[in-house]
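Residue-level listing of the chains:
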Amino acid sequence: MNFIVLHPFVFWLFIPLILALVFVIYKFKKLKKVLTEKNQVSRGNFLSSRLDRCFWLRTIFRGLSAVMVILAGAGISWGTDTIPVQKSGKAVSFVFDISYSMEAHDAPGGISRLNAAAIYAKALLAHFNGTKVSVVLAKGDGVVSVPLTDDYNCVETLIENLSPKLMTAAGTSLGKGIKAAVSSFPEQSSEASYILLFTDCEETDSALQSSLAESSRYGIPVIVIGFGSERESEILTGDGQTKVKTALRTSEIEKIINAVKSAGNISSCQYIDASEMGSATKILKVISASSKGTTVTYELQTKKRHKTFIMLAIVFFLASILLGELDITGGKNRLVSAAAATACLFIFTGCTPKFNDGVKILQGKLDWSKGNYQSATADFLQAANNAKERGDDFVYQYSVYGIGSTYLMQGENDAALAKFSQVYDNAPDKIKFAILYNSGIIAHRNGDYETAADYFRQALFIDGTSTDAKINLELSLREESSHANESAREIVPVSENKEDQTLENALYSIIKEGEQQQWKSQQKDSEKTSQDY
């Protein structure tokens, strides 16, 4: 069980809490002594015992409530939870095992395993259709040789020159290669990531299983592609003298993969023998490299327990009121306490799925505002799936709009517009306005000022009080007009009055520069607010 404390310094708050409890107890003892001296209460009578009982119950429960607040602030988490994350686009990391065992000439056609891996990788690359690719070399260590790129010529050049001599590290560490591949993907990427490991499945440090489990926690599936024959063959090691036997260790890699899957990793891994008929087709189906739609991957995240502690803090605080405030004198107040307890029980047990999804959407907005777009997408996606299952269009529309807004902040404009289009027709006016406004922002950034003006105009039909939409509409119209005038001037003859023309051009440049500065200022201001996205 993973037990994590994100903010351990919060535990220092226990010191003032203990001092406060000591002070409260001291004051109570002093007050009771004064009341006894003035004959207001006497030891052992009914009022004195009730006063003691209520004080201690109130103090204990409020102390526990404060403890729960501190634990919530410390960011305690344990256990794991599977979180669905919606991705747009693809990214693949090629991990090549370039150890000397890959020099064995037992691949089909009598070529070396490394050459077979290079030919196989180039064949896959030809079907990737714009998918971003990185290349990692794995030997005794893992090194990202080509960062994530869509320049396939660079990738092919490295693949054609694969050799054990590219790295001086001794041994074979497939696990370090997987870790390097994971690091090659951006942390807050909107693209679905995959790792292809080209190897003969021999390793010297037994780090592959832990690395596969780590990649699964990030929601990155790993496809292990085996090369070579299961019959042992003899090769020379790096010193050029020692001979060792090597073979394709299929059974060992399958044991590792089964162990990773049995640990409950959904975004797990699989093994494919490169010599099998149709193996490349299986890989392309898994990656779906030609698809431009969205993909749902699953990440293993540590369960945050702050909600549990906050709920306990509220329960303990209410208990301190019910037991320590409303029942001092007994009688009718006991009925009040019972009624209040029943009401609280109804409140805490009556949270509907719609309420829980609303909390998820709120959490997604908070993650969005912090720039944690991956967690925000996961929150919105979970709320959308729950709402879709029970047919709640209202929550579903807000959730899908949240996903689109997250894509927009990550620069995935096409994916954002696709999400907006899914909810626009039946969405509430507030969402429609936000969709039209953000679509206008996208169109203006793309230089399509006519479309941008149309979006802002439609937004104003919904909410005519929006000053930002009015300003952006006017600026879009002016940009459209200025571009039209520039095109017209290309075919209009030069004015006979050169002096007037020079003055006119100077004024036009000043006005245009002012308008551009005004738009940039407005755009920067609007980007800082959650209203825009």
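What comes next concerns the included structure. What you see is a predicted model; the values in this text were computed from it and never measured.

**Focus: the overall build of the protein chain**
Here is step 1 of the chain: Summing up its helical and strand segments, the protein chain has 18 helices and 11 strands in all.
Here is step 2 of the chain: The burial tally for the protein chain puts 43% of its 533 residues in the buried class.
Here is step 3 of the chain: Intrachain contacts of the protein chain at a sequence separation of at least 6 include 74% that bridge at least 24 residues.
Here is step 4 of the chain: Within the structure as shown, the protein chain displays about 28,400 Å² of accessible surface, and the carbon and sulfur contribution to it stands at 56%.

**Some details on the side chain of D200**
Here is step 1 of the chain: For D200, the location among the structural elements is in the loop between strand 6 (192-199) and helix 6 (208-217).
Here is step 2 of the chain: A distance of 2.6 Å separates a polar atom in the side chain of D200 from a polar atom in the side chain of S101.
Here is step 3 of the chain: Reaching out from D200, the side chain makes a polar contact with the side chain of R113 at a distance of 2.7 Å.
Here is step 4 of the chain: If we ignore the near neighbours within four places in the chain, the residues touching D200 are D97, S101, M102, R113, F227, T246, A247, L248 and R249.

**Considering the nonpolar core**
Here is step 1 of the chain: Ranked by size, the top nonpolar core spans 36 residues in total, and within it F94, F96, F128, L196, F198, I225 and I283 carry the most contacts.
Here is step 2 of the chain: At the level of elements, strand 3 (90-97), helix 3 (113-125), strand 4 (132-138), helix 4 (152-160), strand 6, strand 7 (222-226) and helix 8 (279-287) are the ones that each hand at least two residues to this core.
Here is step 3 of the chain: With eight residues, the top contributor of residues to this core is helix 3.
Here is step 4 of the chain: Among all residues touching I283, those that are not within four sequence positions of it are Y120, L124, L196, I223, I225 and I272.
Here is step 5 of the chain: Judged by nonpolar contacts, the second largest core, of 25 residues, contains L174, A180, L197 and I257.

**Details of the sheet that holds strand 3**
Here is step 1 of the chain: Across the sheet, six strands lie side by side as 5-4-3-6-7-10; this open sheet has mixed pairing. What marks the edges here is a single partner per strand, and that holds for strand 5 (142-149) and strand 10 (269-273). Going across the sheet, the axis of each strand differs from the next one's by a mean of 20 degrees, ignoring polarity.
Here is step 2 of the chain: Where strand 3 lies against strand 4, seven bridges are found, and the strand directions are parallel. When the sheet's bridge partners are listed, D97 is paired in strand 4 with A138.
Here is step 3 of the chain: Packing of helix 8 onto the sheet brings it into contact with strand 3, strand 6, strand 7 and strand 10, and relative to strand 10 it is tilted by some 155 degrees.

**Looking at the packing of aromatic side chains**
Here is step 1 of the chain: Going through the model one piece at a time under the given rule, you end up with 14 aromatic pairs.
Here is step 2 of the chain: Taking 4.8 Å as the distance between ring centres and 15 degrees as the angle between the ring planes, the aromatic pair formed by F96 and F198 counts as stacked. Taken as a pair, F96 in strand 3 and F198 in strand 6 lie far apart in primary sequence, 102 residues in all. Per residue, the accessibility class of F96 equals that of F198, and both read buried.
Here is step 3 of the chain: Connected via pairs of aromatic rings, a cluster forms that spans F94, F96, Y120, F128, F198 and F227.

**Section: the environment of E202**
Here is step 1 of the chain: Structurally, the position occupied by E202 is in the loop between strand 6 and helix 6.
Here is step 2 of the chain: Classification of E202 by relative accessible area gives buried; the value is 17%.
Here is step 3 of the chain: On a C-alpha basis, the gap between E202 and R249 in space is 6.3 Å, while along the polypeptide they are 47 residues apart.
Here is step 4 of the chain: In contact with E202, other than residues within four places in its own chain, are D97, S101, T172, L174, K245, T246, A247 and R249.

**A few points about helix 7 (residues 250-262)**
Think of an α-helix as 3.6 residues a turn; residues three or four steps apart then line up on the same face.
Here is step 1 of the chain: Helix length check: helix 7 (13 residues) gives 18 Å between terminal C-alpha atoms against 18 Å at 1.5 Å per residue, within 8%.
Here is step 2 of the chain: Residues T250, I253, I256, I257 and V260 constitute the buried set of helix 7. All buried residues of helix 7 project into a common sector of 130 degrees when viewed along the axis, lining one side. Exposed side chains of helix 7 directed beyond 90 degrees from the buried face belong to K255 and S262.
Here is step 3 of the chain: For helix 7, the secondary structure elements touched by its buried residues are helix 6, strand 7 and strand 10.

**Section: a nonpolar patch on the surface**
Here is step 1 of the chain: Taken together, F9, W12, I15 and L19 make up a surface patch of nonpolar side chains, about 520 Å² in accessible area.
Here is step 2 of the chain: Mapped onto the secondary structure, F9 falls in the loop between strand 1 (3-5) and helix 1 (14-37).

**What to know about helix 15 (residues 429-445)**
Here is step 1 of the chain: Helix length check: helix 15, at 17 residues, gives a terminal C-alpha distance of 24 Å against a target of 24 Å (1.5 Å per residue), a fit within 8%.
Here is step 2 of the chain: Taken across its 17 residues, helix 15 has 14 buried, putting it largely inside the fold.
Here is step 3 of the chain: One or two positions beyond helix 15, positive phi appears at G447, with a value near 85 degrees.

**Let's talk about the pattern of salt bridges**
Here is step 1 of the chain: Under the counting rule described, the total for this entry stands at nine salt bridges.
Here is step 2 of the chain: With a closest N to O distance of 2.7 Å, R113 and D200 form a salt bridge. Here the residue R113 occupies a position in helix 3, and D200 occupies one in the loop between strand 6 and helix 6, the gap between them amounting to 87 residues.
Here is step 3 of the chain: Residue classification places D200 among the buried positions, given a relative accessible area of 0%.

Scoring rules and cut-offs
- Residues numbered from 1 in each chain as written.
- Predicted model: local features only at pLDDT ≥ 70, side-chain atom pairs only at ≥ 80, totals over all residues.
- Heavy atoms only, no water.
- Helix = DSSP H or I, 4+ residues; strand = E, 2+ residues; numbered from the N terminus.
- Buried < 20%, exposed > 50% of the residue type's maximum accessible area, 1.4 Å probe, protein only.
- Contact = heavy atoms within 4.5 Å.
- Areas by Shrake-Rupley, 256 points an atom, 1.4 Å probe, with all protein chains shown as cover.
- Polar contact = N/O pair within 3.5 Å; in protein donor to acceptor, adjacent residues only side chain to side chain.
- Core = buried A, V, L, I, M, F, W, Y, C linked by side-chain atoms within 4.5 Å.
- Pairing = 2+ DSSP bridges.
- Axes fitted to C-alpha atoms, helices over the stretch in contact; angles between N-to-C directions.
- Phe/Tyr/Trp six-rings, centres within 6.5 Å; stacked < 30°, edge-to-face > 60°.
- Expected span 1.5 Å × (residues − 1).
- Arc of directions from axis to C-beta.
- Patch = residues over 30% accessible without salt bridge, like charges linked within 9 Å, V, L, I, M, F, W, Y side chains within 5 Å.
- Salt bridge = Lys/Arg side-chain N within 4 Å of Asp/Glu carboxyl O.

All we've got here are geometric facts, nothing functional implied.
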